[in-house]
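A closer look at the structure
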There are 2 protein chains.
Amino acid sequence: MSKSQISVLGTGLMGSAIARALASCGHEVVVWNRSPAKAASLASAGCSVETDMVAALRRSPSVFLIVNDYTTATQMLHGARAHLRGKMIVNGITGTAADAREMARLVHEAGGSYLDAGIECFPVDVGTAQALINYSGDDVAWAGAKDWLMQLGGAGTYLGGDPGAANLTEAALTGAFFNVALGAYLEASAFAAAAGLSVKQLLPTTLHMLDLLRRLLCEEAMPAIESGDFGTDQATLDVYLAAVSSWRKEMLTVGQRASLMTANLHNLELAQAGGHGSKSIYAQFLTAGVGTESRNLD
Amino acid sequence: MSKSQISVLGTGLMGSAIARALASCGHEVVVWNRSPAKAASLASAGCSVETDMVAALRRSPSVFLIVNDYTTATQMLHGARAHLRGKMIVNGITGTAADAREMARLVHEAGGSYLDAGIECFPVDVGTAQALINYSGDDVAWAGAKDWLMQLGGAGTYLGGDPGAANLTEAALTGAFFNVALGAYLEASAFAAAAGLSVKQLLPTTLHMLDLLRRLLCEEAMPAIESGDFGTDQATLDVYLAAVSSWRKEMLTVGQRASLMTANLHNLELAQAGGHGSKSIYAQFLTAGVGTESRNLD
């Protein structure tokens, strides 16, 4: 595989992991950090340390930008805009779709190409086959950088031309799915503990439910969403709604707040009110995004 | 393995699956159903069909009760209470912990022993190594019936002497965990669809998040709950709360209701307010059960 020249701007925990992984694959890696001490330690990993940001950026055709936040990154790119022509900027900062699109506009106006990176792994996983980093933005940039970007995480995917897609995917799957599922496990465990059940007693059922979740998402929920066919000859949404209502009452009986369970009941009730009660439980997809939450936290 | 004599009272979808699985293991199975036609078809599977409920119950030392609801079952057991001495009743009806405890009391007063069964599998899975049925109630009854009960589902577990434990485990893990996690996936997918992303584009990240969920629950969340140690040298609850708040805003931006995500934010805010912001995200366990949900649906 051909070797590339890449500048990594920002060498916090994640930036350092990225620089090390690229250097260990034989690429010529230039590093810069606002506090130079953090970058200096990367010299022993074979990285070339620059103390001037613009100098670091000018040394490579590809730049991986991974500083703390978008405000800092925008200031940096504004300061270096005269040197962005022909550069490919990969932006690994966590933010919104609008942040990514605005950054892409800035880079395009200065003559560069842009990829947004949604880093869905921990620093310790960078460089492994299992690590997932999603990319979105210019397809030509992806085609050119794919080889070394995939070395950072073997599970990486390209999500298409909208620079916002990587951040949107993170909001949907790390946020709205994974983080809520984790919270649900903790709410369930607090309930079980209040009812006198231990983690150990619950382990076989927990593992069973994790298997079932994976199987039903892949074999039933995804095909239903893709095809738009929410029919079922198994338990209907009405049946699940009755069970959820009963389970929630059990939680209230042992003094639980049941925040997520109540929101779940609310989602099912709105699906039923939308006329989907005799369809499959996956039909809540049709109404899950509709309307406004009654409790506004803003 | 020794053969047992078992009466299965109720031969709907699940009762029929149980009767068939027991008969195919060589046990002497007596079946009864309120509508006799449903039981009659089990004769060809080697079951002995009784049209009188009390007669069916009297023929076996062990009785698997799987009729529609607790009201029906309670009436049946009241009607047969003169014949319950020395019997072991296994109750597979879905209900609350209080339902199970009341049923156990009725059986105990009539001189029988009691096990409650939480059936966490589909009828088609009954009799397989993967099928999970949890049991709780009299430990002597469990010791005596364990062999044939485990033939109904190889993943079966005994949860202890409280007859309510099987139903509580179902409410916690099928209800508060699995069903909410499923709802979270559908809420996330509705959000992603509104943002222009397809199920196919999201598949690698979805599978990654399912793996991550399993790994973090087993390697981090469970040990934290068991040890009571919610310290972390990784991202703190405060950091996750900021991310969740940002992801939720992204959902609102594309017009989503974000019911579960809002409840999740609420749980994290209450954990932070409880003084757990600098601990791990699992510290929400400490406050997830506390207090009353502000929105009361009852």
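Below or above, wherever it landed, is the structure these notes cover.

1. A closer look at the interface of chain B and chain A
On the chain A side, the residues contacting the 105 residues of chain B number 105 residues. Summed over both partners, the interface of chain B with chain A buries about 9,900 Å², with 68% contributed by carbon and sulfur atoms. In this assembly, chain B and chain A are joined by five salt bridges. Inspection of the chain B/chain A interface yields 24 residue pairs in polar contact (both at pLDDT 80 or more). Residue assignment for the side of chain B that touches chain A shows that the elements contributing at least two residues are helix H7 (165–194), helix H8 (199–227), helix H9 (237–253) and helix H10 (259–276) of chain B. Grouping the amino acids of the side of chain B that touches chain A by side-chain chemistry returns 58 nonpolar, 30 polar and 17 charged.

2. Brief notes about the packing of aromatic side chains
Residue and element names in this part refer to chain A. Per the stated rule, a full pass over the model turns up eight aromatic pairs over all chains. Relative to Phe285, the ring of Phe230 lies with its centre 6.1 Å away and its plane at 25 degrees, an arrangement referred to as stacked. Here the residue Phe230 occupies a position in the loop between helix H8 (199–227) and helix H9 (237–253), and Phe285 occupies one in the segment after helix H10 (259–276), the gap between them amounting to 55 residues. For the pair formed by Phe230 and Phe285, the shared burial category is buried.

3. Thoughts on the pairing of strand S5 (residues 88–91) of chain B
Taken residue by residue, a regular strand's side chains alternate between the two faces of the sheet. All names here are of chain B. Along S5, one buried face is formed by Met88 and Val90 and the opposite face, lined by Ile89 and Asn91, is buried too. Sheet topology note: the strand S4 (residues 62–65)/S5 ladder contains four bridges and is parallel. Each bridged residue has a counterpart across the sheet, and for Phe64 the counterpart in S5 is Val90. Taken together, S4, helix H4 (residues 70–79) and S5 form a β-α-β motif whose crossover is right-handed. The pairing of S5 with strand S6 (residues 113–119) spans four bridges and is classified as parallel. Across the sheet, Met88 pairs through a bridge with Ser113, a residue of S6. In this view, the connection linking S5 to its parallel neighbour S6 by way of helix H5 (residues 97–109) has right-handed handedness.

Reading guide: rules and limits
- Residues numbered from 1 in each chain as written.
- Chains lettered and ligands numbered in written order.
- Predicted model: local features only at pLDDT ≥ 70, side-chain atom pairs only at ≥ 80, totals over all residues.
- Heavy atoms only, no water.
- Contact = heavy atoms within 4.5 Å.
- Buried area = accessible area lost by both parts, 1.4 Å probe.
- Salt bridge = Lys/Arg side-chain N within 4 Å of Asp/Glu carboxyl O.
- Polar contact = N/O pair within 3.5 Å; in protein donor to acceptor, adjacent residues only side chain to side chain.
- Helix = DSSP H or I, 4+ residues; strand = E, 2+ residues; numbered from the N terminus.
- Nonpolar A, V, L, I, M, F, W, Y, C, P; charged D, E, K, R; others polar.
- Phe/Tyr/Trp six-rings, centres within 6.5 Å; stacked < 30°, edge-to-face > 60°.
- Buried < 20%, exposed > 50% of the residue type's maximum accessible area, 1.4 Å probe, protein only.
- Pairing = 2+ DSSP bridges.
- Right-handed = clockwise from strand over helix to strand, strands pointing away.

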